[in-house]
Amino acid sequence: MSERVMARPVRARGRAEREHGAPAAVPRGRRAGRRPPRWSLLLRYLLLLAVLALTVGPFLWQLSTSLKGPGEDIYRYPPSLVPHRPTLANYGAVARIIPVWDFALNSLKVAAANAVTNCAGAALAGYALARMRFRGRRAALVVFVMAMLVPVESIMIAQFVTMRELQLNNTLLGVVLPGCIGGMNVLLMRNAFAGLPYEVEEAAFVDGANAWQRFVRIALPSVKGTLAVVAIFAFMGAWDDFLWPLIVLSDQSKFTLTIGLNFLHGTFADNQRLVAAGTVIAVLPLIVLFACLQRYFFRGVGEGAVKG
């Protein structure tokens, strides 16, 4: 009799849990979480180390070479990654040989202008393609997709002739203008705006907000992550560009950093320490930019959610 009385609360509690939608019991092994085999973990770490060596290894080697003095052999075997006597003399030598800071300032102007124009232009075009209804919208979208399929090298002659007719050759504006709005960036912004719920903008429309107010106050703040992605891609593309500035620019005072480092390669190809120092100088601004925008960059992968 006592066992039946003790069993009643247990049965009643089980019935109450089922009635209130309590979660079903999870198997013990699945609830605790199964650890993968050791060989699987070892293989994953080996693959991660291999990817890390292929991506970060060359930069670390260039950084190590730029910090080595003339007394250290950079071709020794086995190679030494850590300099025995680190020195910054190679960076000073680069600055004395070529006006590297002037070249870096020119590259910064071009890259910053490219990032700003791409963010503004791609955001406006992407919002129009995603939210507005007008005749020829699908045709415009197809044009942007087709523009991505055309190799840049095949239209450089036409671009150069255009810049010459506009009297913009040998100017930094002529370097910026052809890449001020990229087709890929427009499609990225279009997909980000298309992922936003229509109900929010419909409520703003009922309250009397026009298209510009809905774009600035509602849509644009919700796609900051994608804007950061566009800014980083545009900045990196303009900063690393070599062929187009080489074609347009002829005055050394307007050279970008990539062209200036090319002179360093040609004149001092035997001194790899100076070449490595110039490479590190060219990479550092990109690292700083990514460090400042990394949280927005990774958030841009799943862009489209509206925060309360």
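Residues numbered from 1 in each chain as written. Predicted model: local features only at pLDDT ≥ 70, side-chain atom pairs only at ≥ 80, totals over all residues. Heavy atoms only, no water.

Chemist: Go over the overall build of the protein with me, naming the residues and quoting the values.
Modeler: Scanning the protein for helices and strands turns up 15 helices and 0 strands. Out of the 308 residues belonging to the protein, those deemed buried represent 32%. Of all intrachain contacts in the protein linking residues separated by at least 6 positions in sequence, the fraction that spans at least 24 positions is 72%. Total accessible area on the protein stands at roughly 20100 Å², and carbon and sulfur atoms take up 65% of it. (Helix = DSSP H or I, 4+ residues; strand = E, 2+ residues; numbered from the N terminus. Buried < 20%, exposed > 50% of the residue type's maximum accessible area, 1.4 Å probe, protein only. Contact = heavy atoms within 4.5 Å. Areas by Shrake-Rupley, 256 points an atom, 1.4 Å probe, with all protein chains shown as cover.)

Chemist: Mind laying out unusual backbone geometry, listing which residues take part and the relevant values?
Modeler: A positive phi angle, close to 60°, is found at Gln-167, a residue other than glycine. Considering the arrangement of structural elements, one finds Gln-167 in the loop between helix 7 (156-165) and helix 8 (172-176). The phi dihedral of Asn-170 is positive, around 65°, even though this residue is not glycine.

Chemist: Quick rundown of helix 4 (residues 89-97)? Include the residues and the values.
Modeler: Within the span of helix 4, buried status applies to Asn-90, Tyr-91, Ala-93 and Val-94. Taken down its axis, helix 4 places every buried residue within 160° of arc, on the same side. (Arc of directions from axis to C-beta.)

Chemist: Describe the side chain of Thr-258, and please don't skip the residues or the numbers.
Modeler: Looking at the secondary structure, you find Thr-258 in helix 14 (residues 257-267). The class of Thr-258 is buried, set by a relative accessible area of 18%. Among the polar contacts listed, one links the side chain of Thr-258 to the backbone oxygen of Asp-241, at a separation of 2.9 Å. A distance of 3.3 Å separates the side chain of Thr-258 from the side chain of Thr-256, its partner in a polar contact. (Polar contact = N/O pair within 3.5 Å; in protein donor to acceptor, adjacent residues only side chain to side chain.)

Chemist: How would you explain the packing of helix 10 (residues 198-206) against helix 11 (residues 211-219) if you had to name every residue and give the values?
Modeler: Between helix 10 and helix 11, whose axes approach to 11 Å, the crossing angle comes to 130°. Of the possible angle classes, the one that applies to helix 10 and helix 11 is oblique. Between helix 10 and helix 11 lies a crossing of right-handed hand. For the pair formed by helix 10 and helix 11, the contact residues are Val-200, Glu-201, Ala-204 and Phe-205 on the first element and Arg-214, Ile-218 and Ala-219 on the second. The residue makeup of the contact of helix 10 with helix 11, split by class, is 5 nonpolar, no polar and 2 charged. (Axes fitted to C-alpha atoms, helices over the stretch in contact; angles between N-to-C directions. Parallel < 35°, antiparallel > 145°, perpendicular 65-115°, else oblique. Left-handed = near helix turned anticlockwise from the far one by under 90°. Nonpolar A, V, L, I, M, F, W, Y, C, P; charged D, E, K, R; others polar.)

Chemist: So what's going on with the environment of Asn-271? Which residues, and what values?
Modeler: Tracing the backbone shows Asn-271 in the loop between helix 14 and helix 15 (272-299). Asn-271 gets classed as partly exposed once you look at its relative accessible area, which sits at 25%.

Chemist: Provide a residue-level description of the environment of Met-146, including the pertinent values.
Modeler: With respect to the secondary-structure elements, Met-146 resides in helix 6 (residues 137-149). It is 8.8 Å that separates the C-alpha atoms of Met-146 and Gly-183, two residues lying 37 residues apart in sequence.

Chemist: Break down the nonpolar core for me, with residues and values.
Modeler: Val-94, Phe-235, Trp-239 and Leu-257 are the most contacted members of the largest nonpolar core, which has 33 residues in total. Sorting the residues of this core by element identifies helix 4, helix 5 (100-131), helix 7, helix 8, helix 12 (224-240), helix 13 (243-248), helix 14 and helix 15 as the ones contributing at least two each. No other element matches the 7 residues that helix 15 contributes to this core. Beyond its immediate sequence surroundings of up to four residues, Phe-235 is in contact with Leu-108, Ala-111, Ala-112, Ala-115, Leu-286 and Leu-289. Formed by 17 residues, the second largest nonpolar core is a distinct cluster that contains Ala-123, Ala-130, Val-186 and Met-189. (Core = buried A, V, L, I, M, F, W, Y, C linked by side-chain atoms within 4.5 Å.)

Chemist: Now, about the packing of helix 5 against helix 11: what can you tell me, with residues and values included?
Modeler: Helix packing for two helices is described by the angle between their axes and how far apart those axes are. Direction vectors running N to C along helix 5 and helix 11 enclose 115°, while the axes themselves pass 12 Å from each other. As summarised for this structure, helix 5 and helix 11 are arranged roughly perpendicular, according to the angle between their axes. Judged by the sense of rotation from one axis to the other, the crossing of helix 5 with helix 11 is right-handed. From helix 5, Ala-123, Leu-124 and Tyr-127 reach across to helix 11, where they touch Ala-211, Trp-212, Arg-214, Phe-215 and Ala-219.

Chemist: Outline the side chain of Asn-114, supporting the account with residue identities and numerical values.
Modeler: Mapped onto the elements of the fold, Asn-114 is located in helix 5. A distance of 2.7 Å separates the side chain of Asn-114 from the side chain of Asn-118, its partner in a polar contact. Within the structure, the side chain of Asn-114 is placed 3.1 Å from the backbone oxygen of Gly-179, a separation counted as a polar contact.

Chemist: Give a description of a nonpolar patch on the surface that names residues and reports values.
Modeler: There is a patch of nonpolar side chains on the surface, built from Leu-42, Leu-46, Leu-49, Leu-52, Val-56, Leu-60, Leu-81 and Val-82 and spanning about 730 Å² of accessible area. Looking at the secondary structure, you find Leu-42 in helix 3 (residues 38-66). (Patch = residues over 30% accessible without salt bridge, like charges linked within 9 Å, V, L, I, M, F, W, Y side chains within 5 Å. Salt bridge = Lys/Arg side-chain N within 4 Å of Asp/Glu carboxyl O.)

Chemist: Requested: an account of helix 3, with residues and values cited.
Modeler: Here helix 3 contains 29 residues, and its C-alpha end-to-end distance of 40 Å stays within 8% of the 42 Å for a straight helix at 1.5 Å per residue. Maximal helix bending in helix 3 amounts to about 45°, located at Val-56; proline Pro-58 follows within four positions. All buried positions along helix 3 are accounted for by Ser-40, Ser-64, Thr-65 and Ser-66. (Expected span 1.5 Å × (residues − 1). Bend = angle between axes of the 7 residues up to and from the residue.)

Chemist: Outline the packing of aromatic side chains, supporting the account with residue identities and numerical values.
Modeler: Taken as a whole and assessed by the stated rule, the structure comprises 6 aromatic pairs. Here Phe-103 and Phe-255 contribute two aromatic rings whose centre-to-centre distance is 6.3 Å and whose plane-to-plane angle is 45°, an arrangement assigned as tilted. Taken together, the residues span a long stretch of sequence, with Phe-103 in helix 5 and Phe-255 in the loop between helix 13 and helix 14 at a distance of 152 residues. Joined through ring pairs, the aromatic side chains of Tyr-127, Phe-193, Trp-212 and Phe-215 make up one cluster. (Phe/Tyr/Trp six-rings, centres within 6.5 Å; stacked < 30°, edge-to-face > 60°.)

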